[in-house]
Amino acid sequence: MKNQDLVEYLRSCGVCEICQLRYLKARGAEYRNINETLQKLDVKLNENVENEELVISDGIQPSKRARLGVCSTCLGLFSKDFQNELLNSILASDFAKYDCQKIVLAICLPMSLQLRQLAMWFALQRRFGASIDENNPPDVPIKEAVKLILHPIICEKLAKGYDANGLMINIDLTHSLEDEEVEKLVKLNKEAFPAKASHQKRIEISRGLLEKQYQPSKVKAETYEKYFQIPCSNVEESIKLTSIDLQGPLICVAGRYRKLSRELSHTPWILNGQRLMEDSIEEIIIRHVGPHFTEKLGKITFMSSGREDVDVRCLGKGRPFVLEIPNARRTCLTKDEAFAMERAVDASGMVSIHHLQVVPREELTHIKTGEEQKKKFYRALCALHEPVSVKILEQLQISASFNIQQKTPIRVLHRRPLHTRPRTIYSVNARVHRENPKALIIDIVTQAGTYIKELVHGEFGRTTPSLSSIIGKPMDIQALDVVGIDLDWPHEVDNSKQKE
């Protein structure tokens, strides 16, 4: 089968030049210059094709020459008229509100296009015989052609790059014949696949069904032709754009926070429908960072590498956290903007954040995986019923790691299952409090996930061994600080320093 013969037949069926290139299996940039590509493929140009562009008539007024009919296979999807309509509709939407440099088109196509692809497949088989495979489509599929043809054009016109994770422009298309053709398809499906139809109370007609089941190797042309014309019929109306919906990208903003208050919960603390605390770390950070990216703060997800109890501070370099912000209207964060957010959070007096930055979504694995393999560093203020002796100090100088068995603490059984968990304690180092001989300041390095309060007092033997059981005396914890977390992420950024 020669390319010239194929193209001449397609032209006789009312197939546009773009779709002719699809049946010639053109790729990428070959769609940008149709005449050049056709000549390269040894196809003579169609001298009868009238240009759709505006031309100057008598050097005075612009006028349009006669238009070609609507393409029988793409229904005008690749026409310049549709490209202009699509572009204008995007610009008329909320597109300008999104400060995104990358976009992706998600087009919902009418099933009429797939039916016409199959009709042309049958027609080419009849015309060219065995040279047309019955399992592999003879054209570049419409969905792939959209990426090859429409994506580059729209990206260029909008001066945006392409990225599957960019601003998603959801485009819904339909055609006046679709309802009628879907009804025919239901009847065709019962005849073409009677065994399946008899076992199903309701037949779901979908694009997926067409892609999987409808090809010449599974459906006979004679059966198909009872319901649809081969080759596909010409149409008067082109494809219609019914709606455009914009979905901003998912943006991840990371940093580290320090918790300075002993009266602040990690997330909103609600018990039996009653709020127990006015604010939380999550809400303070989202309140000052979120509005830069989205108006819907309630959709933001807050995550961190572990969490503290309400009465525990987090000091040192702080705890890594990340905000997942869906449908973001902005994708960038300057140092000036980040520094202003850091200062706003700091002004709360309860939380301080730094190293604020936008990070790739792939980096969230640092927070989500390997949590129990990380080390945590704590400083605990502990009290005894008697003055600290030299023996007690010696017992609490432990440089070699040891393992404990820790049952789920009673205080968290309402939200955690009852398990006995092995945990590793890497080191313990105690010293007497300067102002209180009955108090100890103990530095502890543990495996992440260790309950420190229970490690200290033992909780009636539910944690063994405990520091209390090691010294053989009752001991309680008065205050606890997290002073270090063994996670070098995100990378350090000093947003207070600006480039000169």
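As recorded in an unreviewed UniProt entry, the protein chain goes by tRNA pseudouridine(55) synthase and comes from Drosophila mauritiana.

Colleague: Is there a simple way to explain the layout of surface pockets in this structure?
Modeller: The calculated volume of the second largest pocket comes to roughly 1,100 Å³. Taken together, 36 residues make up the lining of the second largest pocket; nearest its centre are R307, E308, D309, R415 and R416. Counting only elements with at least two residues in the lining of the second largest pocket, the list comes to β8 (270–271), β10 (301–304), β11 (312–325), β13 (375–383), β16 (420–433), α15 (452–457) and β19 (476–485). A total of three residues in the lining of the second largest pocket trace back to one element, the largest contributor, which is β10. In terms of residue class, the lining of the second largest pocket is built from 15 nonpolar, eight polar and 13 charged.

Colleague: Looking at this structure, how should I read the pattern of salt bridges?
Modeller: Any two side chains of opposite charge can pair if their charged atoms end up close together. Summed over the entire model, instances satisfying the criterion amount to 24 salt bridges. In this structure, R262 engages D481 in a salt bridge whose closest nitrogen and oxygen atoms are separated by 2.8 Å. Within this pair, whereas R262 is found in the loop between β7 (251–259) and β8, its partner D481 is found in strand β19, the two being separated by 219 residues in sequence. Residue classification places R262 among the partly exposed positions, given a relative accessible area of 29%. The exposure class assigned to D481 is buried, which follows from its relative accessible area of 9%. Measuring nitrogen to oxygen at the nearest pair gives 2.8 Å for the salt bridge that ties D279 to R287. Residue R287 is classed as partly exposed on the basis of its relative accessible area, which comes to 40%. Here the residues in one salt-bridge network are D309, D311, R411, K453 and E454, joined through shared partners.

Colleague: Mind showing me how you'd approach the packing of helix α5 (residues 112–128) against helix α7 (residues 178–192) here?
Modeller: Packed helices, taken two at a time, are described by the angle their axes make and the gap between the axes. Running from N to C, α5 and α7 point in directions that differ by 60°, and their axes come no closer than 10 Å. The pairing of α5 with α7 is recorded here as oblique in orientation. Handedness of the α5/α7 crossing: left-handed. Only E178, E181 and L185 of α7 make contact with α5, whose side of the interface consists of S112, L115 and R116.

Colleague: Explanation requested: helix α11 (residues 281–289) in the structure shown.
Modeller: What sets the pattern is the α-helix's 3.6 residues per turn: residues three or four places apart point alike. Turning to α11, its buried residues are I281, E282, I284, I285, I286 and V289. Packed against the buried residues of α11 are β7, β10, β11, α12 (335–346) and β12 (351–359).

Colleague: Any chance you could explain the domain arrangement of the protein chain here in plain terms?
Modeller: Interfaces are often sized by the amount of accessible area the parts lose when they come together. Looking at the assigned domains, one finds that the protein chain contains domain 1 (72–195 + 203–247), domain 2 (251–368) and domain 3 (371–485). On the domain 2 side, the residues contacting the six residues of domain 1 number five residues. Both sides together, the interface formed by domain 1 and domain 2 hides about 610 Å², and carbon and sulfur atoms give 40% of it. Of all residues in domain 1, Y98, D99 and Q247 give up the largest surface area on contact with domain 2, accounting jointly for 61% of the area buried on that side. Joining domain 1 to domain 2, the criterion identifies zero salt bridges. The interface formed by domain 1 and domain 2 contains three residue pairs in polar contact (both at pLDDT 80 or more). Of the residues assigned to the side of domain 1 that touches domain 2, the class counts are three nonpolar, one polar and two charged.

Colleague: Please clarify how the sheet that holds strand β6 (residues 240–247) should be interpreted in this entry.
Modeller: Think of a sheet as strands paired side by side through backbone hydrogen bonds, with each pair either parallel or antiparallel. In spatial order, the strands read β4-β3-β5-β6; together these four strands make up an open sheet with mixed pairing. Of all the strands in the sheet, just β4 (161–162) and β6 have a single pairing partner and so form its edges. As paired strands, strand β3 (residues 102–108) and β4 are joined by two bridges and run parallel to one another. Considered in β4, the bridge of K102 is made with G161. Helix-sheet contacts for helix α4 (residues 80–92) involve β5 (167–174) and β6, and the interaxial angle to β6 is about 40°.

Colleague: Where do I start with unusual backbone geometry in this structure?
Modeller: In most cases, non-glycine residues show a negative phi, while peptide bonds are predominantly trans. The omega torsion across I230 and P231 is -10°, close enough to zero to call that bond cis. Within the fold, P231 resides in the loop between α10 (221–224) and β6. The linkage connecting W489 with the following residue, P490, adopts the cis geometry, with an omega of -5°. Counting through the fold element by element, P490 comes out in the segment after β19. In this model, H355 sits at a positive phi of 60°, which is unusual for a non-glycine residue. Looking at where H355 falls in the secondary structure, it is placed in strand β12. Residue class for H355 comes out buried when judged on its relative accessible area of 12%.

Each value, and the rule that gives it
Residues numbered from 1 in each chain as written. Predicted model: local features only at pLDDT ≥ 70, side-chain atom pairs only at ≥ 80, totals over all residues. Heavy atoms only, no water. 1 Å grid on protein atoms, 1.4 Å probe; cavity = no way out; pocket = protein on both sides within 12 Å on 5 of 7 lines; lining within 4 Å. Points joined across faces, edges and corners; volume = space filled by probe spheres on them. Helix = DSSP H or I, 4+ residues; strand = E, 2+ residues; numbered from the N terminus. Nonpolar A, V, L, I, M, F, W, Y, C, P; charged D, E, K, R; others polar. Salt bridge = Lys/Arg side-chain N within 4 Å of Asp/Glu carboxyl O. Buried < 20%, exposed > 50% of the residue type's maximum accessible area, 1.4 Å probe, protein only. Axes fitted to C-alpha atoms, helices over the stretch in contact; angles between N-to-C directions. Parallel < 35°, antiparallel > 145°, perpendicular 65-115°, else oblique. Left-handed = near helix turned anticlockwise from the far one by under 90°. Contact = heavy atoms within 4.5 Å. Domains from an automatic or database assignment. Buried area = accessible area lost by both parts, 1.4 Å probe. Polar contact = N/O pair within 3.5 Å; in protein donor to acceptor, adjacent residues only side chain to side chain. Pairing = 2+ DSSP bridges.

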